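The lines below spell out each chain.
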Amino acid sequence: MPAIVLVLLLLALLWIAFCGYTWGWGPFAKLHPLDAERLPGNAAAYSIERVEPLAGSALKGTTIIFLGSSVTYGAASKGISFVDYIAKRDGCTAIKEAVSGTTLADTGKSSYIRRLERLDADHADLFVCQLSTSDATQGKPLGQVTPPSQREGFDTATVAGAIEHIIAYARNRWGCPIVFYTNPRYESAAYGEMVTLLKEIASKWDISIIDLWDDEGFNVITPEERKLYMADAIHPTQAGYLKWWTPKIEEGLSEAMRKDAR
């Protein structure tokens, strides 16, 4: 075997190991230093088994597709995220298509776009997509929003092109309201630029955003709450999802349904 092939294989192996250590996904996920079991925010008090249904939810009986990466999956909360709490609380069917460490930018078979296009779902009342922190962490190119009349032919290797492609695909396939959500504020200029870009795209396509990043009231929590709610700067615990994120996202999804009904 040529030496260059061995080098490339070694580099690929190191990259997969790095992904496991950094984001907790893939065959080396156990290298991830975060022990979710021991976090106070993942105590039994916040388990989904203890969650009671809400009365009169506007989301009851709906089918909602959730596309995302580690935050949608629940990487620091034992695989339970706001998606699972909403399904239980609101009595809806949640299709959770989430893989940790994956990106909007279409640079591999696990990208948002590839997984979206493989998704087996005939119907959706809402389509919800995470503005992935992975694109910011991995330095994916931002790209630019296309002209108002352009509805296809996007540069999906960029964040902007991928978002536009996802919107166009979901709208053409399911014809339902489309919602993107952001992370709350954390130290990332790159992610802040992605939020600004998303707002520009949302204006073009008339979609909804659950903007946790720029919601000043939402971001005001005590140090004690932050320690309970967040495993790190990006990933919530079960307590964070249940007590902090879920009510806000339920509110945004219900508003998107009302907006569509007008």
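Located above this text is the structure these notes cover.
**Q** Sorry, what's going on with the sheet that holds strand 5 (residues 208-210) here?
**A** If you trace the five strands from one edge of the open sheet to the other, you get 2-1-3-4-5, paired in parallel fashion. A strand with exactly one partner marks an edge of an open sheet, and here the two such strands are strand 2 (93-98) and strand 5. Going from strand to strand, the sheet's axes swing by 20° on average, the running direction of each strand aside. Relative to strand 5, strand 4 (residues 178-181) is paired through three bridges, and the arrangement is parallel. Each residue of the ladder has a partner; that of Phe180, found in strand 5, is Ile209. Those strands touched by helix 3 (residues 82-90) are strand 1 (63-68), strand 2 and strand 4, and its axis lies near 170° from that of strand 2. Its contacts with the sheet put helix 6 (residues 159-174) on strand 1, strand 3 (126-130) and strand 4, and the angle it makes with strand 4 is roughly 150°.

**Q** How do you make sense of the packing of helix 3 against helix 10 (residues 238-261) when you look at a structure like this?
**A** Helix packing geometry: the angle between the two helix axes and the distance between the axes. The contact between helix 3 and helix 10 brings their axes to 9 Å, and the two run at 65°. Between helix 3 and helix 10, the interaxial angle falls into the category roughly perpendicular. With respect to the hand of their crossing, helix 3 and helix 10 are arranged in right-handed fashion. Contacts from Phe82, Tyr85, Ile86, Arg89 and Asp90 of helix 3 reach helix 10 at Gln238, Tyr241, Leu242, Trp245, Thr246, Pro247, Ile249, Glu250 and Leu253. Here the contact of helix 3 with helix 10 is composed, by residue class, of nine nonpolar, two polar and three charged.

**Q** Which parts of the structure should I look at to understand the pattern of salt bridges?
**A** Pairing between side chains becomes possible if they bear opposite charge and their charged atoms approach one another. This model, assessed by the stated rule, comprises twelve salt bridges. Glu37 is the partner of Lys78 in a salt bridge, and the nearest nitrogen-oxygen pair spans 3.7 Å. Placement of the pair is Lys78 in the loop between helix 2 (70-73) and helix 3 and Glu37 in the loop between helix 1 (3-23) and strand 1, with a sequence separation of 41 residues. Note that Asp214 and Lys199 form a salt bridge whose closest N and O atoms lie 2.6 Å from each other. Taken as a pair, Asp214 in the loop between strand 5 and helix 8 (216-219) and Lys199 in helix 7 (residues 189-205) lie far apart in primary sequence, 15 residues in all.

**Q** I keep staring at the environment of Ala36 and nothing clicks. Help me out?
**A** Looking at where Ala36 falls in the secondary structure, it is placed in the loop between helix 1 and strand 1. Between the C-alpha atom of Ala36 and that of Ala98, which follows or precedes it by 62 residues, the distance is 18 Å. In this structure Ala36 touches Asn42, Ala76 and Lys78, once residues within four positions along its chain are discounted.

**Q** Any chance you could explain the environment of Ile65 here in plain terms?
**A** Among the structural elements, Ile65 can be located in strand 1. Residue Ile65 is classed as buried on the basis of its relative accessible area, which comes to 0%. Separated by 104 residues in sequence, Ile65 and Tyr169 place their C-alpha atoms 13 Å apart. The contacts of Ile65, once residues within four sequence positions are left out, are Ile95, Leu119, Ala121, Ala124, Leu126, Phe127, Val128 and Trp174.

**Q** Any chance you could explain the pairing of strand 4 here in plain terms?
**A** Residues in a regular strand point their side chains to alternate faces of the sheet. Because side chains alternate across strand 4, one face comprises the buried residues Ile178 and Phe180, and the other comprises Val179 and Tyr181, equally buried. Tracing the backbone out of strand 4, into helix 7 and back to the parallel element strand 5 gives a crossover that is right-handed.

**Q** How do you make sense of unusual backbone geometry when you look at a structure like this?
**A** For residues that are not glycine, phi is negative in most cases, and the peptide bond is trans in most cases. Positive phi, close to 60°, is recorded for Lys78, a residue that is not glycine. Lys78 gets classed as partly exposed once you look at its relative accessible area, which sits at 39%. Within the chain, Asp206 stands out as a residue other than glycine whose phi angle is a positive 55°.

**Q** Before we go on, may I ask you to explain the pairing of strand 3 in this structure?
**A** Burial of strand 3 is extensive: five of the five residues sit out of reach of the surface. Burial along strand 3 is two-sided: the residues Leu126, Val128 and Gln130 and Phe127 and Cys129 are all buried. Bridge analysis of strand 1 against strand 3 gives four bridges, and the strand direction is parallel. Opposite Phe66, over in strand 3, you have Val128 as the bridge partner.

**Q** Any chance you could explain the packing of helix 6 against helix 7 here in plain terms?
**A** Contact geometry for helix 6 and helix 7: axes closest at 10 Å, N-to-C directions at 35°. Handedness of the crossing formed by helix 6 with helix 7: right-handed. Contacts from Val159, Ala160, Ile163, Glu164, Ile167, Ala168 and Arg171 of helix 6 reach helix 7 at Met194, Leu197, Leu198, Ile201, Lys204 and Trp205. A class-by-class count of the residues in the contact of helix 6 with helix 7 yields ten nonpolar, no polar and three charged.

The rules behind each value
- Residues numbered from 1 in each chain as written.
- Predicted model: local features only at pLDDT ≥ 70, side-chain atom pairs only at ≥ 80, totals over all residues.
- Heavy atoms only, no water.
- Pairing = 2+ DSSP bridges.
- Helix = DSSP H or I, 4+ residues; strand = E, 2+ residues; numbered from the N terminus.
- Axes fitted to C-alpha atoms, helices over the stretch in contact; angles between N-to-C directions.
- Contact = heavy atoms within 4.5 Å.
- Parallel < 35°, antiparallel > 145°, perpendicular 65-115°, else oblique.
- Left-handed = near helix turned anticlockwise from the far one by under 90°.
- Nonpolar A, V, L, I, M, F, W, Y, C, P; charged D, E, K, R; others polar.
- Salt bridge = Lys/Arg side-chain N within 4 Å of Asp/Glu carboxyl O.
- Buried < 20%, exposed > 50% of the residue type's maximum accessible area, 1.4 Å probe, protein only.
- Right-handed = clockwise from strand over helix to strand, strands pointing away.

This is a description of form; function is not addressed.
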